[in-house]
Amino acid sequence: MSSFDEDDAFENAVPLSAQAMAARPAPYLDDLNPAQRRAVEALDGPVLMLAGAGTGKTKALTTRIAHLLNTGRARPNEILSVTFTNKAAREMKERVGRLLGQTVEGMPWLGTFHAICVKLLRRHAELVGLKSNFTILDTDDQIRLLKQLIVAENIDEKRWPARQLSGLIDHWKNRAWTPDKVPASEASAFNHRGTELYDYYQQRLKALNAVDFGDLLLHVLTIFQEHEDVLAQYQRWFRYILVDEYQDTNVAQYLWLRLLAQGHRNICCVGDDDQSIYGWRGAEVGNILRFEKDFPGAEVVRLEQNYRSTPHILGAASGVIDANQGRLGKELFTDLPEGEKVRLIGHWDGEEEARWIGEEIEAMAGGTRGMRRVGLDEMAILVRASHQMRAFEDRFLTIGLPYRVIGGPRFYERMEIRDAMAYFRLAVSPDDDLAFERVVNTPKRGLGDKAQQKIQVMARSQGVSLADGARLLLQDKGLTGKGATELRILVDAIARWNDAVRAGEGSHIELAETILEESGYTAHWQNDKTPEAPGRLENLKELVKALEQFENLQGFLEHVALIMDRDSDDDGAKVSIMTLHGAKGLEFPAVFLPGWEDGLFPSQRSMDESGLKGLEEERRLAYVGITRAEEICTISFAANRRVFGQWQSALPSRFIDELPSRHVEVLTPPGLYGGGYGAAGMAASASPKMQQEAGSDLHERAASSNVYNSPGWRRLQARSAERPVSQPRENRNMVIDATAVSSFSEGDRVFHRKFGYGEVQGVEGDKLDIAFEKSGNKKVVAKFVVDAANADDVPF
DNA sequence: GGACTGACCATTTTT
DNA sequence: TGGTCAGTCC
């Protein structure tokens with residue numbers, strides 16, 4: 001459920017008048033290279049900006065907006081500019097503002113497809129049988145609803161899970177198929193009941209006055225298609241249209257854009273066909289490939305100068321992407337110094353890979369790798385699938401290497417969870433003003449803006465927290481009536497909870513439940529009759545359950561704060577771990593790309609389900625991965641990996657074959673099998689199944705029975721022969737001096753970078769069993785803890 | 001209602 | 001292997 005402001009979208013009074021703007025100079029243009037400049041100055045008519053990775057796409061796009069405003073071609077509220085994520089929208093707003101040297105108010109139509117559609121749909125909801133205060137269901141709500149439908153229809157929910165139906169409906173909505181437009185070829189979907197259930201589902205949504213994410217677009221599209229007058233109004237209003245990440249648009253979005261652009265054709269689409277990685281959720285690379293046909297006479301501008309990566313990195317990336325068919329074609333170049341070659345290394349198994357990368361990161365962070373020191377937050381590990389993250393987390397936890405997982409669970413971002421957390425925060429620290437602000441009137445306590453302002457004023461004048469300010473305000477009788485009574489109850493409750501926390505008696509789980517009860521928050525959702533309420537309650541239950549793994553509320557809050565605040569998480573530098581998808585649009589000086597094995601990357605499933613198309617998308621993913629790196633890019637693979645508890649062997653990824661050798665340096669894995677690639681070991685462990693699978697596909701690989709005949713393999717061997725020795729990296733001073741290691745014994749108070757303070761419970765060889773104050777009992781290698789008295793000496 | 005058990009299954013993810 | 005889910009038992 002989200003709320004969007006109705007603002008000055010259609011008002012003419014805007015901060016920048018056309019005349020005033022037209023007179024302004026355009027110093028920002030001098031900042032652009034020739035291609036960027038052309039993309040910015042070609043204001044009228046259709047423009048396709050093909051922007052390779054790291055070529056200053058956002059700069060060109062935002063400068064273009066600034067230029068539109070500056071030349072007086074459009075007012076801020078006449079520019080429609082769409083992005084895919086809120087983050088991108090935020091960034092664009094900021095940058096346009098910076099370019100113009102002022103806050104750009106009134107760019108109401110700069111936002112995500114979804115946010116813009118919400119605005120439009122609220123205006124015209126009645127045209128599709130909704131009321132303008134419709135609620136927006138998230139994926140969870142959607143699945144719950146579908147489940148109800150499936151059960152009501154007496155369908156075996158085991159065989160035909162709601163999740164699958166939800167995926168199917170999303171797929172159809174992405175293609176702009178309303179229930180009546182789903183083609184006959186789809187009739188057999190979901191046990192021949194797919195279309196029927198889709199229809200029921202839409203009826204149900206309408207009855208609930210609700211929409212799902214797909215509907216936002218689809219309803220607006222329907223309105224545009226069926227109400228010419230409405231469409232015409234917007235065609236006139238949006239004088240200029242800009243679209244970011246055009247290669248990610250799906251059919252519905254494409255149709256939507258095409259309708260809006262039909263009149264003036266002032267549409268500028270920015271994208272990179274080589275970075276299209278969302279085909280699996282409906283994106284159509286075809287949209288960008290077809291642009292010139294859709295908009296004849298379109299100007300195509302290629303941004304090819306890369307400002308991010310070294311020539312070796314770019315060369316490696318181009319080598320890979322060259323293998324794809326039907327590209328629009330771009331050749332990236334850079335002025336940057338040559339730098340290091342892309343490094344390639346094979347490992348015995350996944351754990352070894354994680355260990356090596358951990359050491360490498362420590363070496364780079366410690367400046368002992370013979371290159372400049374690289375900060376932890378300048379490094380990232382990009383994986384194909386999130387389950388790969390685990391090996392790294394385990395390893396980094398043990399060695400105390402700070403890391404952050406990006407794009408993790410979204411659970412803690414949910415409104416009800418955040419509300420509940422705010423109550424917990426108040427219980428732990430009543431001075432937490434942000435938490436107080438968040439929940440002071442949730443549930444509704446009759447404390448509106450006025451009352452809250454009074455509290456603020458009181459708190460500020462007395463220099464106390466909001467909770468204390470509220471108490472003073474009540475003492476002064478500065479508030480009366482229902483609000484005062486309610487506020488009294490809240491303030492007293494907070495004090496009581498805080499006492500309970502401080503006394504540390506009783507279970508923190510019970511306390512949490514008490515807090516949710518006494519605050520009226522649980523009741524608030526129990527009384528809520530909207531379709532999402534049951535889900536919210538369930539989430540709250542889950543939240544309480546999550547508390548069990550912690551010893552107290554403080555420990556829990558600390559833990560959640562770490563995973564929640566991606567941005568404000570500045571308590572020191574950390575290595576980022578994320579998926580390749582999640583890394584799109586980001587860049588790091590040093591990037592690790594582990595798990596380059598056939599079957600894992602490219603993913604077997606992609607290839608099975610989507611054939612060559614799937615493989616090409618995987619290849620684009622590889623391209624995206626490599627081009628995230630600015631200076632150092634390290635690709636690795638493991639011969640063996642545990643998959644669902646079973647050991648499996650795999651061959652190096654076919655993408656490795658595609659890396660041009662002149663841009664690659666092969667490192668031999670240190671230790672274990674004494675240089676060389678340990679081919680014998682690899683072959684011995686390769687399961688017959690994997691060998692067959694790996695050899696049987698689209699790719700021209702060597703005969704399946706012989707691992708050594710594959711071109712990639714031969715090349716690897718040749719390469720490692722060229723440069724057989726890895727540099728030994730002894731004595732990495734990242735870790736605490738070895739003399740400290742042996743000195744721990746039972747009862748010692750120690751400190752660990754990740755787990756904090758604790759007491760040694762037992763010693764087994766070099767492993768210590770430690771009871772940590774906040775994280776519970778853990779076994780940790782001795783050299784990663786220090787005596788509590790020396791906690792300041794911990795590295796990083 | 002909550003604890004336990006066995007079956008099942010297992011990319012990528014934003015809105 | 002391990003997380004989720006539904007069914008079962010107290």
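Reading guide: rules and limits
Residues numbered from 1 in each chain as written. Chains lettered and ligands numbered in written order. Predicted model: local features only at pLDDT ≥ 70, side-chain atom pairs only at ≥ 80, totals over all residues. Heavy atoms only, no water. Helix = DSSP H or I, 4+ residues; strand = E, 2+ residues; numbered from the N terminus. Buried < 20%, exposed > 50% of the residue type's maximum accessible area, 1.4 Å probe, protein only. Contact = heavy atoms within 4.5 Å. Areas by Shrake-Rupley, 256 points an atom, 1.4 Å probe, with all protein chains shown as cover. Pairing = 2+ DSSP bridges. Salt bridge = Lys/Arg side-chain N within 4 Å of Asp/Glu carboxyl O. Domains from an automatic or database assignment. Axes fitted to C-alpha atoms, helices over the stretch in contact; angles between N-to-C directions. Arc of directions from axis to C-beta. Near = heavy atom within 4 Å. Polar contact = N/O pair within 3.5 Å; in protein donor to acceptor, adjacent residues only side chain to side chain. Nonpolar A, V, L, I, M, F, W, Y, C, P; charged D, E, K, R; others polar. UniProt positions renumbered as here; feature names shortened; annotations may be inferred. Expected span 1.5 Å × (residues − 1). Phe/Tyr/Trp six-rings, centres within 6.5 Å; stacked < 30°, edge-to-face > 60°.

**Overview of the overall build of chain A**
Across its full length, chain A holds 31 helices and 21 strands. The burial tally for chain A puts 53% of its 796 residues in the buried class. The contacts of chain A with a sequence gap of at least 6 include a subset with a gap of at least 24, amounting to 75%. A total accessible area of about 35300 Å² is found for chain A, and carbon and sulfur atoms account for 48% of it.

**Looking at the pairing of strand β9 (residues 342-349)**
A large share of β9 lies buried, amounting to seven of its eight residues. The pairing of β9 with strand β16 (residues 664-667) spans four bridges and is classified as parallel. What sits directly across from Leu344, in β16, is Val666.

**Here's the deal with the pattern of salt bridges**
Scanning the model with the defined rule gives 36 salt bridges in all. Note that Arg38 and Glu299 form a salt bridge whose closest N and O atoms lie 2.7 Å from each other. Residue Arg38 is located in helix α2 (residues 34-41), and its partner Glu299 is located in strand β8 (residues 299-303); the two are separated by 261 residues in the primary sequence. On the accessibility criterion, Arg38 (40% relative accessible area) is partly exposed. Residue class for Glu299 comes out partly exposed when judged on its relative accessible area of 30%. Note that Glu587 is salt-bridged to Arg308, the shortest N-O span being 2.5 Å.

**A look at the domain arrangement of chain A**
According to the domain assignment, chain A contains domain 1 (26-134 + 209-305), domain 2 (136-208), domain 3 (342-402 + 572-666), domain 4 (413-548) and domain 5 (748-790). Of note, the centres of domain 3 and domain 4, computed from C-alpha atoms alone, are 44 Å apart.

**Brief notes about the sheet that holds strand β1 (residues 47-51)**
Spatially, six strands are ordered β3-β2-β6-β7-β1-β8 in an open sheet, and the strand pairing comes out parallel. A strand with exactly one partner marks an edge of an open sheet, and here the two such strands are β3 (110-112) and β8. Taking each pair of neighbouring strands and ignoring which way they run, the sheet shows an average axis angle of 15°. As paired elements, strand β6 (residues 240-243) and strand β7 (residues 267-271) share three bridges and run parallel to each other. Bridge assignment links Leu242 to a residue of β7, and that residue is Cys268. Together, β2 (79-83), β3 and β6 form the strand contacts of helix α5 (residues 113-124), whose direction differs from that of β3 by roughly 105°.

**Description of helix α16 (residues 389-399)**
Taken together, the buried positions of α16 are Met389, Phe392, Phe396 and Ile399. Along the axis of α16, the buried residues cluster in a sector spanning 110°; they form a single face. In the core, the buried residues of α16 are packed alongside α15 (350-366), β10 (379-383), β11 (403-405) and β12 (575-579). Phi turns positive one or two residues past the end of α16, at Gly400, with a value near 70°.

**Concerning the protein's contact with DNA strand C**
What surrounds DNA strand C is the set Lys147, Lys158, Arg390, Arg642, Phe644 and Gly645. At 3.3 Å from a phosphate oxygen of DNA strand C is found a side-chain nitrogen or oxygen belonging to Lys147. The backbone of Phe644 places a nitrogen or oxygen atom 3.4 Å from a base nitrogen of DNA strand C. A per-class count over the surface near DNA strand C returns one nonpolar, one polar and four charged.

**Side note on the protein's contact with DNA strand B**
DNA strand B sits among 21 residues. The nearest are Arg384, Ser386, Thr579, Ser603 and Ser606. Each atom of DNA strand B within 4 Å of the protein was assigned to sugar, phosphate or base; sugar and phosphate come to 44%. One of the side-chain nitrogen or oxygen atoms of Trp280 is found 3.4 Å away from a base oxygen of DNA strand B. Arg281 places a polar side-chain atom, nitrogen or oxygen, 3.5 Å from a sugar or linking oxygen of DNA strand B. Looking at which element gives the most residues to the surface near DNA strand B, the answer is helix α27 (residues 604-626), with four residues. Here the residues of the surface near DNA strand B are counted per class, giving five nonpolar, 10 polar and six charged.

**Regarding the UniProt feature "binding site: ATP" (unreviewed entry) in chain A**
Those residues carrying the UniProt feature "binding site: ATP" (unreviewed entry) are Ala51, Gly52, Ala53, Gly54, Thr55, Gly56, Lys57 and Thr58 in this numbering. Turning to its location among the elements, Thr55 is positioned in the loop between β1 and α3 (57-70). Among all residues touching Thr55, those that are not within four sequence positions of it are Gln36, Leu303, Glu304, Gln305, Asn306, Tyr307 and Leu332. In this structure, Gly56 sits in the loop between β1 and α3. Here Gly56 falls in the partly exposed class, since its relative accessible area comes to 22%. Not counting chain neighbours up to four residues away, the residues in contact with Gly56 comprise Gln36 and Leu303.

**Quick notes on helix α7 (residues 162-174)**
Its 13 residues give α7 an end-to-end C-alpha distance of 18 Å, which sits within 8% of 18 Å, the value for a rise of 1.5 Å per residue. Along α7, the positions that sit buried rather than exposed are Ala162, Leu165, Ser166, Leu168, Ile169, Trp172 and Lys173. Projected onto a plane normal to the axis of α7, the buried residues spread over an arc of 160° and lie on a single side. Its buried side turned inward, α7 meets α6 (139-152), α8 (194-207), α9 (213-226) and α11 (251-261). One or two steps after α7, the chain reaches Ala176, where phi turns positive at roughly 65°.

**A closer look at the packing of aromatic side chains**
If you walk through the whole model with that rule in mind, you get 18 aromatic pairs. With 5.5 Å between their ring centres and 70° between their planes, Phe113 and Trp256 make a pair best called edge-to-face. Here Phe113, found in helix α5, pairs with Trp256, found in helix α11; they are 143 residues apart in sequence, far enough to count as distant. Judged by relative accessible area, Phe113 falls into the buried class, the value being 1%. Given a relative accessible area of 0%, Trp256 falls into the buried group. Here the aromatic rings of Tyr423 and Trp497 are separated by 6.1 Å at their centres, their planes lie at 80°, and the arrangement is edge-to-face. In this pair, Tyr423 sits in helix α17 (residues 415-428) while Trp497 sits in helix α21 (residues 481-503), placing the two residues 74 residues apart along the sequence. Judged by its relative accessible area of 0%, Tyr423 is buried.

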